[in-house]
Structures are given as structure tokens and as C-alpha cells.
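The chain contents come next:
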Amino acid sequence: MNILVLGASGYIGSHLVPRLATAGHAVRAAARRADVLEARGWQGVDCVSADAFDAATLDRALEGVDVAYYLVHSMGGGGGFAERDKRAAENFRDAAARAGVRRIVYLGGIRPSGEASMHLASRLETGDVLRAGPVPVTELRAGLIVGAGSVGFEVIRDLVNHLPVMVTPRWVQSRTQAIALDDLLAYLQGVLDQPETAGGTYDVCGPDNLVYRDLLAIYAKVAGRPFRPLRVPFLTPRLSSLWLGLVTSVPISVARPLVDGLKTDLVGDDAAIRKSLPIPLHTYEEAIRAALARERAEPIPARWAEGALAFRGYNPDVSFYSKGESAEFDTAAPAAAVWDVVRGIGGKNGYYYADTLWWIRGAFDRLIGGVGLRRGRRDPRDVRIGDAIDFWRVVGLEQGSRLTLLAEMKLPGAAVLEFTVAPQESGGSTLKMEARFHPSGVWGLLYWYSLVPAHNFIFRRMPRNIVRAAERNFRRANGTRASA
């Protein structure tokens, strides 16, 4: 079939696209930024830009499509996500009708036993909006998904890894039927070959009906970590979301609406879907082991990617999601001039801001048995994959545009520093610098929070000064040429 996956850069979409392509379908992957999709290196997949709020881009993406997967939500965008989700679904529904799409497949959430949170209500409303059009909709409703990168799974992993004694709120007694990522993908793919599922709404669940406390305990057993729960009944879901922002690395904008939905049971009835697709299901413990194995089998990415095990020291105890700072500066200097400064960073050239603090950090690292700043650079101008730059290692390099450094200093976690240089049509360029830290355990969290004030200064002023250095060098070089 000719298939469109809208939301292909998201968690489910990024796993579903290669699975559909491997099965022989002609897959078109769509997200706001096609370059993000192209960087994944999917073979035989057409990557396009499409925005659910731009009808023209939807029309182009849906042209010639038989089945369209709708995997879009605005939960991470903060307040007002329900209204944004509704408008996006209306736009997609109408565009699918104009394009003559035969079926829409939508992944929503299980209807709770009590009052639905704003997030769950929005997911249910999205299904209703899509069904209001003429294109038949297959809606699959899932609860917690067990897989590396799934927000619910990463909350569980961070809680177990970060807290020697775990304060457990009331919602740990709520019930759910977590589903393995592989099982959910099998359902999403399988409905294509089951025409009777067109127009149907189905719960998709794992075989285990467990309370969240059991989910935490079983993960701790698999990971070989202690589990010492301390129940605090007054810690409501609302307070829990704030607490999770401190003790986990899951973005608070995503964790808050997710946790708000945990005040009631999320138990489904999968009898209907199993009549059409009686696939073998993984238990929750099997799903955990599969998630950890999948992480270890992931190829090394060419650049930093959230959650990539290679950038977490190949240690699954280090948080999937990262804390971090990023800054972006435009400059009249061309990209080549900015890149010339970026590739020479470290060693005798320094870091363009607070070099004394960098030296102190290196001295402390050396004192506790780390590599410190003693290594300098192999070459003050040239850079290549594998080079040591002080206490960094070059792990990603796209000459002229991207440099990725992985910290080899002693840290309670994993740190990455990445520079991206992009040319502008005006002849100038843009420098973006990202500093990311994946904490490991409670000490990793304390380390990050203690350095937040310093990071706010260093990782914003550093790229600004790199840009200024590039401008000075460019002016000097042009003046020299003019004089000659």
C-alpha cells in the first residue's frame, strides 16, 4: 500500500516507519522538518515536510496515499494543547477526504474508568474529530507503552534509578495494562491486512493487569536495583507532576499531563481486537527485557540523539532524557568562518568564555582520577572522529556544519556538547550550541542542579563569543586581502 505516517519523528512513528517499509509498503514519512527524518537513514522511505496546521502541506503529503497513520499530538507544547489537537485533527481529516485516502489509522488512549484528564480527554476527542469525516478511521487505544523512550516507561526507569528511597504518591495504586512496544507496533501494522477493522475502535493491552507500584517493583527486579517505597497519600497527581520534574529527566511539559491521568484506572478490553489479530503478547517483565535489549542493539547515530545509548556511556541506568541548555546566534560572518573557530575549540585556543572555570573543572577532574585538561588537542586546527580534546572525545563530525563532543571527565551521568553551523541566504550564518546532560542516579540530579547557575552563564556566553571571534577573524582576513 501507499502509506503516509504523519508524526513520523515521534516515538511511535519513528519505530513504525521502518517496520512498514520492511514489510514492503511504499512509505512516506512526514513531520514538520524533513531533514530530521532524513537523518534517520531509513532505506526506501520518502521523507517530506508536513504541518498539521498547514493545509497545503497536508495536501501534498497525502497525494496518492491509500492509508494514513495519524500520530500527532501537542501535549509537549504546554497549555492549550487540547484546542491545538482538535484543530490539527480537523485539518488532517479534511485533507484526507480531499486526497481520497481509503483509511485513517489513529493511536489514542484508553478511556479511563473515572473522569478523564485533559490529556486523555483530548486523545478521545481527537478520535471523535477524525471519525466526523467521510474517511473510515481505525482507532487503537493504548495505555502505558513499554519501550525505551516511552514517557511512561522512562518515568518508571528514572524513579527506580534515581531514588534510593522512593516517595510513592496515591496514584501508584491505580491499575493499568502496559503494552510492549513491539506488540503495539504489531497491532498498528496488522490492522492494514484486516479490512474488518476499518471504522472500528479497539483497546490494545498487555496481558498483565497491574498497579503502578508493581510496575516499579518489577522494573527494579529486572534492573537489579533496590526498591524501597514510602507511600505519601497527600502527594496528589498534580503535586506528583512537579515532583517528577525534579527527580526524573522526563520533560515536565510531557510528564504533567501524563501524570494527571493516573488518578484513575486505565484498564481496557482487548477482546475485539484479538478476534482479528490474536498476536502473541509479551508480559510486562518480558517487555522490559526487550526494551533494554533493543537499546543495546541500536546503531551508533551520526550525531547526538535524545536517548541514544552510545551517548549515555552504553549504560541504561543513565537517564534516557537529558537536562540541558541551548543557545543560537545569527552572525554576518559566513559559515566557513564560524566553523573555523568551532573546529579549533579547546586546547590552547580555550573555550571562548570563563577559561579559568574550565581549567578549575579540569583540575578537579584530574584530582579525582579523570583525564582533566592535560590532553589538549592533536592539532590546533584540524579535527576528526575519535580525537581527544581536553576531556572531550569527538564522536560526531560533519565537516563544515556539525561537531559533537562526548565528555570523558568523571561525571555522575553522561554529557554531550554539540555545535551546529548553518549558512543563511544573506551570506551570514547561524551557530547553535547544545549542552546536554543525562543524569545517573540521585547524584547525577544533584550535580546538574548545583551547576545550573553556572551553566546559564557559560553555555549562553560561550557561543556568543565564538560568533564574535569568527566575525573578527573574517574582518581581519578580508582586510588583509584588500591590502594585498
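Reading the values: rules and limits
- Residues numbered from 1 in each chain as written.
- Predicted model: local features only at pLDDT ≥ 70, side-chain atom pairs only at ≥ 80, totals over all residues.
- Heavy atoms only, no water.
- Axes fitted to C-alpha atoms, helices over the stretch in contact; angles between N-to-C directions.
- Helix = DSSP H or I, 4+ residues; strand = E, 2+ residues; numbered from the N terminus.
- Parallel < 35°, antiparallel > 145°, perpendicular 65-115°, else oblique.
- Left-handed = near helix turned anticlockwise from the far one by under 90°.
- Contact = heavy atoms within 4.5 Å.
- Nonpolar A, V, L, I, M, F, W, Y, C, P; charged D, E, K, R; others polar.
- Pairing = 2+ DSSP bridges.
- Patch = residues over 30% accessible without salt bridge, like charges linked within 9 Å, V, L, I, M, F, W, Y side chains within 5 Å.
- Areas by Shrake-Rupley, 256 points an atom, 1.4 Å probe, with all protein chains shown as cover.
- Salt bridge = Lys/Arg side-chain N within 4 Å of Asp/Glu carboxyl O.
- Buried < 20%, exposed > 50% of the residue type's maximum accessible area, 1.4 Å probe, protein only.
- Phe/Tyr/Trp six-rings, centres within 6.5 Å; stacked < 30°, edge-to-face > 60°.

A. Spatial organisation of the packing of helix H8 (residues 212-223) against helix H12 (residues 284-297). It is at 10 Å that the axes of H8 and H12 come closest, and there the two elements cross at 50 degrees. In terms of their interaxial angle, H8 and H12 are classed as oblique. Judged by the sense of rotation from one axis to the other, the crossing of H8 with H12 is right-handed. The residues of H12 that touch H8, namely those facing Leu215, Ile218, Tyr219, Lys221 and Val222, are Tyr284, Glu285, Ile288, Arg289 and Leu292. Here the residues of the contact of H8 with H12 are counted per class, giving seven nonpolar, no polar and three charged.

B. How the structure looks around the sheet that holds strand E17 (residues 402-407). If you walk across this open sheet you meet the six strands as E14-E19-E18-E17-E16-E15, and the pairing is antiparallel. Here the strands that pair on one side only, and so sit at the sheet edges, are strand E14 (323-331) and strand E15 (388-389). Pairing analysis gives nine bridges linking E14 to strand E19 (residues 429-439), with the strands arranged antiparallel. Residue Phe329 lies in a different strand from E19, and its bridge partner there is Leu431. Across the sheet, helix H13 (residues 335-342) lies against E14, strand E16 (392-398), E17, strand E18 (413-423) and E19, angled at about 155 degrees from E18, the strand it touches most.

C. Geometry of a nonpolar patch on the surface. Residues Leu239, Leu242 and Ile252 make up a contiguous nonpolar surface patch of roughly 230 Å² in combined accessible area. Tracing the backbone through its elements, the reader meets Ile252 in helix H10 (residues 252-260). With a relative accessible area of 34%, Ile252 lands in the partly exposed category.

D. Just the packing of aromatic side chains, in detail. Summed over the entire model, instances satisfying the criterion amount to eleven aromatic pairs. Seen in terms of ring centroids, Tyr70 and Phe92 are 4.8 Å apart; in terms of plane orientation they differ by 35 degrees. Their pairing is tilted. Remark: Phe92 occurs in helix H4 (residues 81-99) and Tyr70 occurs in strand E4 (residues 67-70); sequence separation between them is 22 residues. The class for Phe92 is buried, based on a relative accessible area of 0%. Aromatic side chains Trp358 and Phe459 sit 6.5 Å apart centroid to centroid with 70 degrees between the ring planes, which places their arrangement in the edge-to-face category. Of the two residues, Trp358 is situated in helix H14 (residues 355-367) and Phe459 in helix H15 (residues 441-483); the sequence distance between them amounts to 101 residues. Like Trp358, the residue Phe459 is buried in the burial classification. Taken together, the aromatic side chains of Tyr351, Trp358, Phe391, Trp392 and Phe459 make up a single cluster linked through ring pairs.

E. Structural detail: the environment of Ala302. Along the chain, the position of Ala302 falls in the loop between H12 and E14. The exposure class assigned to Ala302 is exposed, which follows from its relative accessible area of 58%. C-alpha separation for the pair Ala302 and Ala39, spaced 263 residues apart in sequence, amounts to 8.4 Å. Other than its neighbours up to four places away in sequence, Ala302 contacts Gly396 and Leu397.

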